[in-house]
Amino acid sequence: MKVLIADDEVHICSLIQYLIAWDELGLTPGGMFSCGEEVLEYLRGDTADILICDIEMPGMNGIELMQTLSRTRPEMKIVVVSGFRNFDYARSAMQYGACNYLLKPIDEKELNGVLREIVTSAQAGVRQDSVMMRASGRLQLLELLRAPGAPEDLAVINKNYDYHFSEGTFQVLRAVCLDGEPASDTLRLIQRMFEEILRPRLADFCREFEFYRESAVHLCILINREHTGMSEAQLQSVLDSSLRGAIVELGCKTQSRVSIGVGPAVGRFSEVHQSYLAAAGAVCERLYRRESGVLYAEALVREADRIELLTAADRQALARCIEQIDPDGACRQIRQVFRHCEHAFRARPQRVFECARAVLTLTEQTMEHVGVVEESRERLVQSALLKLECCADVPELEACLCGAVCERINGRLAEKLANVSAYAQQAKQYIDKHYMQNITLELLAGQLNINPTYLSVVFKNEIRMNYSKYLTMVRMEKAKELLRRCDLNLTQVAHAVGYDRTAYFSNVFRQYVGVKPTEYRRLHQHGIGD
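Residues numbered from 1 in each chain as written. Predicted model: local features only at pLDDT ≥ 70, side-chain atom pairs only at ≥ 80, totals over all residues. Heavy atoms only, no water.

Digging into the packing of helix α21 (residues 467–485) against helix α24 (residues 517–525)
If you want to describe how two helices pack, look at the angle between their axes and the distance between the axes. Rules: Axis definition: a line fitted to C-alpha atoms, limited for helices to the stretch in contact. Angles are taken between N-to-C directions and run from 0 to 180 degrees. To qualify as a helix, a DSSP run of H or I must reach at least 4 residues; to qualify as a strand, a run of E must reach at least 2; elements of each kind are numbered from the N terminus. Orientation categories follow fixed angle ranges, with anything under 35 degrees roughly parallel, anything over 145 roughly antiparallel, 65 to 115 roughly perpendicular, and all other angles oblique. Here is the rule for handedness: rotate from the far helix to the near one, and if that takes an anticlockwise turn smaller than a right angle the crossing is left-handed, while a clockwise turn gives right-handed. Here, residues are in contact when the closest pair of their heavy atoms is within 4.5 Å. When residues are grouped by polarity, Ala, Val, Leu, Ile, Met, Phe, Trp, Tyr, Cys and Pro land in nonpolar, Asp, Glu, Lys and Arg in charged, and all others, Gly among them, in polar.
Two elements in contact, α21 and α24, have axes separated by 9 Å at closest approach and are oriented at 55°. It follows from the interaxial angle that α21 and α24 lie oblique. Classified by chirality, the crossing of α24 by α21 is right-handed. Between α21 and α24, the contacting residues are Lys 480, Leu 482, Leu 483 and Arg 484 on the first element and Pro 517, Tyr 520, Arg 521 and His 524 on the second. When grouped by side-chain class, the residues that make up the contact of α21 with α24 number four nonpolar, one polar and three charged.

Here's what the structure looks like:
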């Protein structure tokens, strides 16, 4: 059987080709391609039996390619390899004849296992629809854990998702990797190794279990135990021993740390969402209990605290620091917020991440306000939150959060510092030309299309005085010139330099020059200059 590999990343194609057990499975390589069009062009002059393809490719993507092949090559077996965990992709792939859906990072055993089933199926002449059903079911079942409303009937769940759950107890575990960068392959390898270590331990006493890689740092585990002669306390003891043993073994092999939050065991599948929420909260307890790798939820749901994590005053102060390009001030404000919320954090550590999300969201909103617009605010917030999830305690998380905010301030707003001179000079030129008009900081900033607070800072830094003082200086110098001409009365002079009220103009002139406008004119007439 001939195999084609399609992925726009060359190293992924090469990796897949390297991982396939060609001789053992009796397969032959047909070629590697970077897009759907190249695959179709190859098939116009040759044949193939299996296609391994990505979904996201330039030009014709994987779904469009499968749609075409379902009409022109319905006999071809298609294996989708993608990093996308959205069930819609799996559903579309299944609709157009894909026989399996594998998630990146690619697992050698899983890949060859799928190919072996295809070869065996082809030899036996039996279509293996259940393989794809199970792969897609894994993706969709995770959504049932995350949201309430799971069905009661286990027979329905088993049929729809191809599982073998039985009456007994259900329990959700949430594991978080505490070492490495979320964007690197290291954490994914740690997750895979931890899964391989824990699987045989769970198999000893669980009827069914499933692992879900929720993100680069999160691993969700659903376990199902039948009613046995062992008490619940005995089963929990066995589970605790298995989890702690797996953590120790992982640490010995990789020097990596993992914290596991354990949700309460529930008797009905419809309650598994509550166990999921409790497990997610329990794993946050590590922030204040660093010595423990396994953390148990005290209850299914804990009532939220009433304290406001980020007050209006906190928001205003932090936004001002960001606008004024003051990373040190932003860090001081974040530390102040953490001290203010310490009691709430200790009562419910999950709120630490809620507060961090609020800080990161405010940072991105302020960035947009000052004209630094990114393609996706939520993507930036999620990326920073993943780094925070790798933190083992509150001081580490606080430092990481300050670092993320400072990086945004220094990295993005600092680019505007390169234009300080240009902005300040443009504002100065506008004042020099339009001094007789009612010029406000907001109007001036609007002319330059920048934030008023930012303009105030850069103007003062460059001109060595704030904009209002400079405006007054320009107006007073022009007023002195007009007073020396002697052809305008005091009211006309005041209006000519932008003042509606003569008395107010006289007061400002006296403060600036040291004498009243009429006295200045009289002294000039007697030959006494400035």
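So, the pairing of strand β6 (residues 168–177)
Worth spelling out the cut-off: The buried label applies to any residue whose accessible area, calculated with a 1.4 Å probe on protein chains only, is under 20% of its type's maximum; exposed applies above 50%, and partly exposed to all values in between. Between any two strands, at least two bridges found by DSSP are needed for them to pair.
Within β6, ten of the ten residues are buried, which leaves it mostly tucked inside the rest of the structure. One ladder, built from nine bridges, connects β6 with strand β8 (residues 218–226); its direction is antiparallel. Counted as the bridge partner of Val 172 is Leu 222 from β8. Bridge count for β6 against strand β9 (residues 258–262) is five bridges, and the pairing is antiparallel. Residue Ala 175 lies in a different strand from β9, and its bridge partner there is Ile 260.

A word on the nonpolar core
Which entries qualify depends on this criterion: Take the buried residues of types Ala, Val, Leu, Ile, Met, Phe, Trp, Tyr and Cys, join any two whose side-chain atoms come within 4.5 Å, and each joined set is a nonpolar core.
Formed by 73 residues in total, the largest nonpolar core has its most connected members in Phe 338, Leu 401, Leu 455 and Phe 505. Sequence-distant contacts of Phe 505, defined by excluding residues within four places in its chain, comprise Met 476, Ala 479, Leu 490, Val 493, Ala 494, Val 497, Tyr 499 and Pro 517. Counting 27 residues, the second-largest nonpolar core is a separate cluster that includes Cys 177, Ile 190, Ile 223 and Cys 390.

Things to note about the sheet that holds strand β2 (residues 28–33)
Spatial ordering of the open sheet is given by β2-β1-β3-β4-β5, a layout of five strands whose pairing is parallel. Every other strand in the sheet has two partners, leaving β2 and β5 (98–103) as the edge strands with one partner each. The mean inter-strand angle of the sheet, taken between neighbouring strand axes irrespective of direction, is 15°. Sheet analysis places strand β1 (residues 2–6) next to β2, joined by five bridges and oriented parallel.

Some details on the pattern of salt bridges
Our working rule: The working definition used for a salt bridge is a side-chain nitrogen of Lys or Arg within 4 Å of a carboxyl oxygen of Asp or Glu.
Counted under the stated rule, the structure contains 26 salt bridges. One salt bridge in this structure joins Asp 46 and Lys 2, with 3.3 Å as the shortest N-O distance. Highlighted residues: Asp 46 in the loop between α3 (36–43) and β3 (50–53) and Lys 2 in strand β1, separated in sequence by 44 residues. Of the residues examined, Asp 46 reaches a relative accessible area of 30% and is grouped as partly exposed. When the shortest N-O distance is used, the salt bridge between Lys 428 and Asp 432 registers 3.6 Å. Taken together, the residues Lys 428 and Asp 432, both in helix α18 (residues 420–434) and four residues apart, mark about one turn of the helix. Overall, Lys 428 belongs to the partly exposed group, its relative accessible area being 25%. Taken together, the salt bridges that share partners define one network made up of Glu 143, Arg 146, Arg 174 and Glu 214.

Points about helix α11 (residues 272–283)
This is how the line gets drawn: For a helix, the expected span equals 1.5 Å multiplied by the number of residues minus one.
Between its first and last C-alpha atoms α11 spans 17 Å; for twelve residues at 1.5 Å apiece the expected length is 16 Å, and the two agree. Most of α11 sits out of view: ten of its twelve residues are buried. Those residues of α11 that sit buried are Val 272, His 273, Ser 275, Tyr 276, Ala 278, Ala 279, Ala 280, Gly 281, Ala 282 and Val 283.

Some details on the pairing of β5
Counting buried residues in β5 gives five out of six residues, a clear majority hidden from the surface. Pairing of strand β4 (residues 77–82) with β5, which is carried by five bridges, proceeds in the parallel orientation. For Val 79, the partnering residue across the bridge sits in β5 and is Asn 100.

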